[in-house]
Amino acid sequence: MDEPLPGIELSRYAMRVLGAQPRWRDELADPAPFAAEAMREALREPFADDAALQARLRELRNRVLLRVLARDLSGRADLAEVCGTMSELAALALRASLAHLRCEALAVVGMGKLGGGELNVSSDIDLVFVHPGTVEDDARYEAAARRLIRLLSEVTAEGFVFRVDMRLRPYGSAGPLACSVEFLENYLVAQGREWERYAWLKARVLTGDPALGAQIERTVRPFVFRKYLDYGTLAAMRGLHAEVRREVARRDLAEDVKLGPGGIREIEFVVQALQLIRAGRDPALAVRPTLQALEALAARSVLPRGTADSLAKAYEYLRRLEHRLQYLDDAQRHRLPGDAEDRRRIAAMMGVPSWDALAADLQDVRAKVTAAFEDLFAEKQPAAAPWPEDDRAQAFRASQRYAALPAESKRRLDALVPALHRAAHAAPRPAEAFARGLDLVEAIASRAAYLALLAERPEALERVTRIVSASSWAAQFIARHPLLLDELLDDRLLYAAFDLAGFAAEVDAQLRAAEGDTERRMNALREAHQAQVFRLLAQDLAGLLTVERLADHLSAIADLVLERTLAEAWKDLPRKHRQAPPAFAVIAYGKLGGKELGYASDLDLIFLYEDDAEAAGETYARLAQRFIAWLTSRTSAGILFETDLELRPSGASGLLVSSLAAFERYQERDAWVWEHQALTRARFAAGDRSIGERFEAVRERILKKERDPAALAREIAAMREKMHAAHPNRSQLFDLKHDRGGMIDIEFAVQCLVLGHAARFPDLTRNLGNIALLGIAAGHGLLDPSLAERSREAYREYRRRQHALRLEGAQYARVPAIEVSMHIDAVRTLWAAVLGAAAGDQR
């Protein structure tokens, strides 16, 4: 007979079981992992009565635990295998028991380590029972639940299967043993406490109908993970952990590897606190196993990589030590032994020469855990100081609004406003920084989570002060969307180079996480878009982006958001005549079409389709309506974009969507010159790319038509006069966009060059922007190169100044004419060269 692997003799439990079941020794000579299929096979046969099933479960549990113990102590199994095997055994035992009881409809929710697939080798299993009925069905399911608990936890001479703890159910020991989903939801909404969010974070439905399991997940998720950054969690977790530490001191648990200082519980507190704060916004963080969560937190830069790796090593060490304490006697033990013989056994199982060596290793591990824990949970908000002697600040403090705030919010404000005043004085423009910062604080005063974020993270307060000092538009943007405060927590992310593929992956992950919930998906698109725009805004204010590069990025973001929005709108559209992707394209005009999008630009759009089905027109009209609603509806996260659909064929009186053939006929026969001007800045943005390619062919053909130069110039000049009359400037300042010699003159001159000469020079039809097209025109001899360059520089400078004024919240982009007189002269010369003589322009 082969001898078991060395190390097993250190476990009194193992030697006792092998003494009673010597035939099992052969299984331990060179043990393979205990496969889930083998466990299922052992539990597959019908059982005559509860006692027969109970005996089989106990036998299986002992065999599995012996195998796990042997592989662990011989170095063959890592922590994931040990915990995973025990968790799988518990899940299979629950399913087999419910099948035996003919109560498969009952959903058993595994909490804590069972939910996370991290069950230790001699653990309780924390359960909650949820049934698919109503409160009237509680008694029937409770009877089955009691039998299930007895099957698993009853202790006999052969041992037990699993100890069962039901105290995490709604209302604890005073609540029903099994409850309906409606009861659970009502409890979580009305009675759920902060510590229960922590308890439900790892919850996993192990049995029952998958639809019921999905319903439970949908019920629990918004309770655990809030839609906003929940930095208020830190204060609650501090209080909860303070209670735990008082209990540790009272019960003298300093030698407890789970509850003691620097123990397993503190690692879990760090991980779960960060998950509770952030996973509502970032679904990638909502993972159950602790080690996977640590990796996700590091990957998303929520925890420094070094800290996450240190905590992961500490967690593995402490869990291995915990298991060895439990291998001694198959007892739920976490306290270090005082007995010399037990210490010898534990040290040997840990592979160290002595207890002193183990104690030194453990002290080092605990010190690292404690340091990480205290770094996160230490009070970081500034101490309260006198409010600044500022009229607005004092008025806010004396207001009814301040008086009505909860005490905790007042406490945070009493620390935050003086800290804001200090941060503002370090900003380049202190007065503006404090005034705008105070506007923001007033806007979020009733939203405790955002006050908590700024109070808990002083670096976020410093960054937001710097940003609002630089731009009143930025201050208003943050006040409208305070979720953006999250973006201020890490300079590396805030100032990272724009990554369209990374943004796409982020959007897709958010949409997957919100699947089945229309409002959540709409908010996911809005929040992801706002966050990416805010990152660009921070880089813009820091001088890291040119206006042209910024517009390219904003346009690329808009294209991607339009693409994802169209897909979501089509997914939800009822009564579709086809299930394949729609033969439908979104065409962008104006600022988006020319890739000159600004932060607050409307989107000029038209919709084309190419589909011969009889129902196509009606289907795509409904799709366009739904698509527009997704873009423009105001949800709790705001809107995506304002849209303008006036450029479609026949304008406001025309159909919302056009077939490609109808669009081509309209452009050939009925379109006005100004509509062909608009076509110079049009391009495919989202949808069916083949339609986009055919649109581009139509566009190029229209732009290359032969036109009478004089008639063209008169038409364009007449339209320019109408626009000028519609935007009167009664100030003494020069309007960069609308006044003569401004941006619109450049744009109209370029459009005249395109429409007048693309028949001879097809490269003028390329949608490259006004600056590039001026260079192309000069290259073809249509403009004096010097004039073209001066006009290009004028357009750049006008855009730069317009952008700077908008960041300061200016209603109009107007400056003293003397500051741009050289550019005005260049543009007027350009207008005269391109349109003046032919149009009879007398400017």
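Residues numbered from 1 in each chain as written. Predicted model: local features only at pLDDT ≥ 70, side-chain atom pairs only at ≥ 80, totals over all residues. Heavy atoms only, no water.

Comments concerning the overall build of the chain
Consideration 1: Within the chain, the regular secondary structure consists of 36 helices and 12 strands.
Consideration 2: Out of the 843 residues in the chain, the part that is buried amounts to 55%.
Consideration 3: Pairs at least 24 apart in sequence give 73% of the contacts found in the chain among residues at least 6 apart.
Consideration 4: By element, 51% of the accessible surface of the chain is carried by carbon and sulfur atoms, the whole surface being about 35,400 Å².
Consideration 5: The positive charge centre, built from 116 side chains, and the negative charge centre, built from 122, are 1 Å apart in the chain. (Helix = DSSP H or I, 4+ residues; strand = E, 2+ residues; numbered from the N terminus. Buried < 20%, exposed > 50% of the residue type's maximum accessible area, 1.4 Å probe, protein only. Contact = heavy atoms within 4.5 Å. Areas by Shrake-Rupley, 256 points an atom, 1.4 Å probe, with all protein chains shown as cover. Lys, Arg positive; Asp, Glu negative; His and termini not counted. Charge placed at Lys NZ, Arg CZ, Asp CG, Glu CD.)

Regarding empty space enclosed by the protein
Consideration 1: Applying the stated criterion to the full structure yields one cavity of 30 Å³ or more.
Consideration 2: Computed from the structure, the largest cavity encloses a volume of approximately 60 Å³.
Consideration 3: Contributing to the lining of the largest cavity are Thr680, Arg681, Glu747, Val750, Gln751, Val754, Asn767, Gly769, Asn770 and Leu773.
Consideration 4: Going through the elements one at a time, α33 (743–757) and α34 (770–779) are the ones with two or more residues in the lining of the largest cavity.
Consideration 5: In terms of residue count, the dominant contributor to the lining of the largest cavity is α33 (four residues).
Consideration 6: The class makeup of the residues in the lining of the largest cavity is three nonpolar, five polar and two charged. (1 Å grid on protein atoms, 1.4 Å probe; cavity = no way out; pocket = protein on both sides within 12 Å on 5 of 7 lines; lining within 4 Å. Points joined across faces, edges and corners; volume = space filled by probe spheres on them. Nonpolar A, V, L, I, M, F, W, Y, C, P; charged D, E, K, R; others polar.)

A closer look at the layout of surface pockets
Consideration 1: By volume, the largest pocket is sized at about 1,500 Å³.
Consideration 2: Surrounding the largest pocket, 45 residues form its lining, Lys591, Asp604, Arg681, Lys737 and Arg806 being those nearest its centre.
Consideration 3: Taken together, the elements giving at least two residues each to the lining of the largest pocket come down to α22 (472–480), α26 (547–572), α27 (590–593), α30 (673–679), α32 (709–726), α33 and α35 (785–807).
Consideration 4: Of the residues forming the lining of the largest pocket, the biggest block, six residues, is contributed by α35.

Structural notes on the side chain of Asp126
Consideration 1: Here Asp126 is to be found in strand β2 (residues 124–131).
Consideration 2: Buried charge without a partner: Asp126 forms no salt bridge, and the closest opposite charge is Arg167, 5.7 Å away.
Consideration 3: Beyond its immediate stretch of four places on either side in the chain, Asp126 contacts Val109, Gly110, Met111, Asp165 and Leu168. (Salt bridge = Lys/Arg side-chain N within 4 Å of Asp/Glu carboxyl O.)

What to know about the pairing of strand β10 (residues 683–687)
Consideration 1: Burial runs high along β10: five of the five residues are buried.
Consideration 2: Looking at chain direction, strand β6 (residues 584–589) and β10 are connected through four bridges and run antiparallel. Of the residues in β10, the one forming a bridge with Ala588 is Arg683. (Pairing = 2+ DSSP bridges.)

Looking at helix α15 (residues 355–377)
Consideration 1: Taking 1.5 Å per residue as the helical rise, α15 with its 23 residues ought to reach 33 Å, and the 32 Å between its terminal C-alpha atoms agrees with that figure.
Consideration 2: All buried positions along α15 are accounted for by Trp355, Leu358, Leu362, Val365, Arg366, Val369, Thr370, Ala372, Phe373, Leu376 and Phe377. (Expected span 1.5 Å × (residues − 1).)

Structural notes on helix α29 (residues 660–669)
An α-helix turns once per 3.6 residues; consequently, residues spaced three or four apart project the same way.
Consideration 1: Within α29, burial applies to Leu660, Phe663, Tyr666 and Gln667. Taken around the axis of α29, the buried residues stretch over an arc of 125°, which confines them to a single face.
Consideration 2: The inward-facing, buried residues of α29 abut β6, β7 (603–609), β9 (657–659), α30 and α31 (689–703). (Arc of directions from axis to C-beta.)

Overview of the pattern of salt bridges
Consideration 1: Scanning all chains against the criterion turns up 64 salt bridges.
Consideration 2: Close ionic contact of Asp439 with Arg392 constitutes a salt bridge, the shortest N to O distance being 2.5 Å. Highlighted residues: Asp439 in helix α19 (residues 430–444) and Arg392 in helix α16 (residues 391–397), separated in sequence by 47 residues.
Consideration 3: A salt bridge links Asp745 to Arg720, with the nearest nitrogen and oxygen atoms 2.5 Å apart. One end of the pair, Asp745, is in helix α33; the other, Arg720, is in helix α32, and 25 residues separate them in sequence.

Some thoughts on the environment of Ala556
Consideration 1: Looking at where Ala556 falls in the secondary structure, it is placed in helix α26.
Consideration 2: Given a relative accessible area of 22%, Ala556 falls into the partly exposed group.
Consideration 3: Along the chain, Ala556 and Leu592 lie 36 residues apart, while their C-alpha atoms are 9.0 Å from each other.
Consideration 4: Setting aside residues no more than four positions away along its own chain, Ala556 makes contact with Phe498 and Leu500.

Notes on unusual backbone geometry
Consideration 1: For Arg102, which is not a glycine, the phi torsion comes out positive at approximately 55°.
Consideration 2: Counting through the fold element by element, Arg102 comes out in the loop between α4 (79–100) and β1 (107–110).
Consideration 3: Of note in the backbone geometry, Tyr171 takes a positive phi value of approximately 70° without being a glycine.
Consideration 4: Position of Tyr171 among the secondary structure elements: in the loop between β3 (163–165) and β4 (178–180).

Some words on the packing of aromatic side chains
Consideration 1: Evaluated as defined, the whole model comprises 16 aromatic pairs.
Consideration 2: Aromatic side chains Phe607 and Phe627 sit 5.7 Å apart centroid to centroid with 85° between the ring planes, which places their arrangement in the edge-to-face category. Of this pair, Phe607 sits in strand β7 while Phe627 is found in helix α28 (residues 616–632), placing the two residues 20 residues apart along the sequence. No difference in accessibility class separates Phe607 from Phe627, as the two residues are buried.
Consideration 3: Cluster of aromatic residues (ring-pair linked, three or more members): Trp570, Phe584, Phe607, Tyr609, Tyr620 and Phe627.
Consideration 4: A cation sits over an aromatic face here: Arg61 above Phe160, 4.7 Å from the ring centre.
Consideration 5: Directly above the ring of Tyr812 sits Arg814, whose terminal nitrogen or CZ lies 4.0 Å from the centroid. (Phe/Tyr/Trp six-rings, centres within 6.5 Å; stacked < 30°, edge-to-face > 60°. Lys NZ or Arg CZ within 6 Å of the ring centre and 35° of its normal.)

Section: the environment of Arg305
Consideration 1: Relative to the helices and strands, Arg305 is located in helix α13 (residues 305–327).
Consideration 2: Accessibility expressed as a relative area gives 37% for Arg305, which makes it partly exposed.
Consideration 3: Sequence separation of Arg305 and Asn186 is 119 residues, and the distance between their C-alpha atoms is 40 Å.
Consideration 4: Those residues in contact with Arg305, other than ones at most four positions away along the chain, are Glu295, Ala298 and Ala299.
Consideration 5: Engagement of the side chain of Arg305 in a polar contact is seen with the side chain of Glu295, the distance being 2.8 Å. (Polar contact = N/O pair within 3.5 Å; in protein donor to acceptor, adjacent residues only side chain to side chain.)

A closer look at the pairing of β2
Consideration 1: Counting buried residues in β2 gives eight out of eight residues, a clear majority hidden from the surface.
Consideration 2: A two-sided burial pattern is seen for β2, the buried positions comprising Asp124, Asp126, Val128 and Val130 on one face and Ile125, Leu127, Phe129 and His131 on the other.
Consideration 3: Examined bridge by bridge, β1 and β2 share four bridges and lie antiparallel to one another. From the neighbouring strand, Val108 faces β2, where its bridge partner is Phe129.
Consideration 4: Where β2 and β3 come together, three bridges link them in parallel fashion.

Things to note about the packing of helix α11 (residues 264–278) against α13
Consideration 1: Interhelical geometry of α11 versus α13 gives an angle of 145° and a closest axis separation of 9 Å. The crossing of α11 and α13 is left-handed. Mapping the contact onto sequence places Ile264, Ile267, Glu268 and Val270 in α11 and Leu311, Ala314, Tyr315, Leu318, Arg319 and Glu322 in α13.
Consideration 2: Considering only residue class, the contact of α11 with α13 consists of seven nonpolar, no polar and three charged. (Axes fitted to C-alpha atoms, helices over the stretch in contact; angles between N-to-C directions. Left-handed = near helix turned anticlockwise from the far one by under 90°.)

As for the packing of helix α18 (residues 407–425) against helix α20 (residues 448–456)
A pair of packed helices can be characterised by two numbers: the angle between their axes and the separation between those axes.
Consideration 1: Relative to each other, α18 and α20 sit at 40°, their axes nearing to 10 Å. The way α18 lies across α20 gives a crossing that is left-handed. In contact with Ser409, Arg412, Leu413 and Leu416 of α18, α20 contributes Ala448, Leu451, Ala452, Leu454, Ala455 and Glu456.
Consideration 2: Across the contact of α18 with α20, the residue classes tally to seven nonpolar, one polar and two charged.

Purely spatial values, then, with no claim about function.
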